[in-house]
Amino acid sequence: MIIFKKAADIGIFLQQKRQNNPKTGFVPTMGALHQGHISLIESARSKNDLVVCSIFVNPTQFNDPKDFQNYPITIENDIDLLEKAGCDALFLPAVEEMYPAGLENKKTYALGYLETVLEGRYRPGHFQGVCQVVHRLLTIVPADRLYLGQKDFQQCMVIRKMIELENLPVETVICPTLRETDGLAMSSRNMRLDKEAREKAVEISRTLLHIKSSLKAGDLSELKTAAVEQLNRTGFKTDYVEIADADTLELIGRWDGKQKLVALCAAFLGEVRLIDNMLLQA
Ligand code: AMP
């Protein structure tokens with residue numbers, strides 16, 4: 001695997017490769033890699049000639065400075081995992097490389113409704129930061145396919161919207177959420193949980209599973225309230241448990257028994273904020 005720190009250098013590398021017209025799969029990450037990330041690399045590996053990963057902890061998408069400062073960094077291990085997974089190139093830029101014009105006056109994206117609900121509501125500015133970084137990365141790594149995890153359900157929708165707004169010629173591939181054996185969704189932030197918090201963390205996926213198995217047509221408010229209460233009893237400070245239309249993310253209070261639904265949750269255990277989601281049909 002070749003490691004690039006400069007946009008110009010990976011640009012030259014990709015241009016040289018492009019002469020043979022290879023299909024390029026791109027996996028953007030913030031590092032502290034786990035098997036969830038590696039499953040994206042493996043999906044990209046199985047369908048593309050060239051696999052590129054980026055590791056960049058993007059300051060513009062952190063609405064909470066403490067979360068940014070405490071974001072785990074495990075670069076040696078990340079490189080090792082990527083090598084083993086058969087990644088061809090790693091882009092590892094510094095902030096100045098990603099934002100050459102500085103962090104002020106950045107582009108904004110007309111994300112509309114998507115930015116007003118759930119993560120958008122609880123993390124103001126977060127999705128603008130996500131779009132800024134992914135847009136910039138896609139200009140540096142003009143991939144054929146962009147690999148994203150369902151773990152960040154709303155982020156997938158936001159990135160698709162940005163791609164549509166900007167008319168970028170890239171296909172998005174959404175990969176399923178990888179979980180620990182007890183059901184906890186794999187996440188870089190799980191590294192910050194102590195033993196006691198790690199044991200409690202599994203309650204998020206249990207709660208989502210409970211919603212899935214109890215779902216009935218009609219009013220959903222009791223199901224949602226009970227889920228929040230259950231998480232808070234376990235020791236979480238819950239931002240939200242919501243049930244939404246899986247295609248539009250419209251929040252659903254009353255279910256007609258047909259609409260495709262997703263349950264989504266965000267909750268703090270101490271200072272660590274965890275998110276998860278589950279499709280409710282099939
Ligand atoms: P991050 O490093 O958290 O920005 O994640 C980079 C990519 O990996 C995003 O597309 C995430 O949705 C995806 N990802 C994170 N956790 C998982 C997981 N448990 N399973 C599958 N994909 C994941």
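Note that the structure is a prediction, hence the values are computed from the model and not measured.

## Remarks on the overall build of the protein
Of regular secondary structure, the protein possesses 11 helices and 11 strands. Radius of gyration (C-alpha) of the protein: 19 Å, near the 19 Å computed for a compact globule of 282 residues. Referenced to the eigenvectors of the C-alpha coordinate spread, the extents of the protein come out at roughly 60 × 40 × 40 Å. Looking at the protein as a whole, 54% of its 282 residues qualify as buried. When the accessible surface of the protein is summed, it comes to about 13500 Å², and 50% of that surface belongs to carbon and sulfur atoms. When the 34 positive and 37 negative side-chain charges of the protein are each reduced to one mean point, those points stand 2 Å apart.

## Re the nonpolar core
Ile10, Leu146 and Leu249 are the most contacted members of the largest nonpolar core, which totals 46 residues. When residues of this core are traced back to their parent elements, those giving at least two are α1 (7-18), β3 (50-55), β4 (89-91), α7 (126-140), β5 (145-149), α8 (153-165), β8 (237-245) and β10 (261-269). Take this core: its biggest share by element is eight residues, from α7. Counting the residues that make up this core, at least three belong to each of domain 1 (2-175) and domain 2 (188-275). Core analysis: the second largest hydrophobic core is formed by 26 residues, Leu184, Leu215, Leu231 and Ala267 among them.

## Structural notes on the domain arrangement of the protein
By domain assignment, the protein separates into domain 1 (2-175) and domain 2 (188-275). For domain 1 and domain 2, the distance between their C-alpha centres works out to 26 Å. Listed by partner, the interface residues are 23 residues for domain 1 and 19 residues for domain 2. Taking both partners together, domain 1 and domain 2 bury about 1800 Å²; carbon and sulfur atoms supply 59% of that area. Here domain 1 and domain 2 share four salt bridges between them. Arg192 is paired through a salt bridge with Asp67; the nearest N and O atoms lie 3.6 Å apart. For the interface between domain 1 and domain 2, the tally reads nine residue pairs in polar contact (both at pLDDT 80 or more).

## Quick notes on the packing of α7 against α8
Close contact between α7 and α8 brings their axes to 10 Å; oriented N to C, the two are set at 55°. The orientation of α7 with respect to α8, classified from their angle, is oblique. For the pair α7 and α8, the crossing hand works out as right-handed. On α8, the residues that touch His126, Phe127, Val130, Cys131, Val134, His135 and Leu138 of α7 are Gln154, Gln155, Val158, Ile159, Met162 and Ile163. Of the residues that constitute the contact of α7 with α8, the class distribution is nine nonpolar, four polar and no charged.

## A word on the site of the ligand
Taken together, 16 residues are adjacent to the ligand, and Met30, His37, Asp152, Leu178 and Met186 come closest. Residue Asp152 places a side-chain N or O atom 2.6 Å away from an oxygen atom belonging to the ligand. A distance of 2.8 Å is found between a nitrogen atom of the ligand and a backbone nitrogen or oxygen belonging to Leu178. Within the complex, the protein chains bury 92% of what would otherwise be the 490 Å² of accessible surface of the ligand. The element best represented in the shell around the ligand is helix α2 (residues 35-47), accounting for three residues. Among the residues making up the shell around the ligand, the classes are represented as eight nonpolar, six polar and two charged.

Criteria and cut-off values
- Residues numbered from 1 in each chain as written.
- Predicted model: local features only at pLDDT ≥ 70, side-chain atom pairs only at ≥ 80, totals over all residues.
- Heavy atoms only, no water.
- Helix = DSSP H or I, 4+ residues; strand = E, 2+ residues; numbered from the N terminus.
- Rg over C-alpha atoms; globule rule 2.2 N^0.38 Å.
- Buried < 20%, exposed > 50% of the residue type's maximum accessible area, 1.4 Å probe, protein only.
- Areas by Shrake-Rupley, 256 points an atom, 1.4 Å probe, with all protein chains shown as cover.
- Lys, Arg positive; Asp, Glu negative; His and termini not counted.
- Charge placed at Lys NZ, Arg CZ, Asp CG, Glu CD.
- Core = buried A, V, L, I, M, F, W, Y, C linked by side-chain atoms within 4.5 Å.
- Domains from an automatic or database assignment.
- Contact = heavy atoms within 4.5 Å.
- Buried area = accessible area lost by both parts, 1.4 Å probe.
- Salt bridge = Lys/Arg side-chain N within 4 Å of Asp/Glu carboxyl O.
- Polar contact = N/O pair within 3.5 Å; in protein donor to acceptor, adjacent residues only side chain to side chain.
- Axes fitted to C-alpha atoms, helices over the stretch in contact; angles between N-to-C directions.
- Parallel < 35°, antiparallel > 145°, perpendicular 65-115°, else oblique.
- Left-handed = near helix turned anticlockwise from the far one by under 90°.
- Nonpolar A, V, L, I, M, F, W, Y, C, P; charged D, E, K, R; others polar.
- Near = heavy atom within 4 Å.

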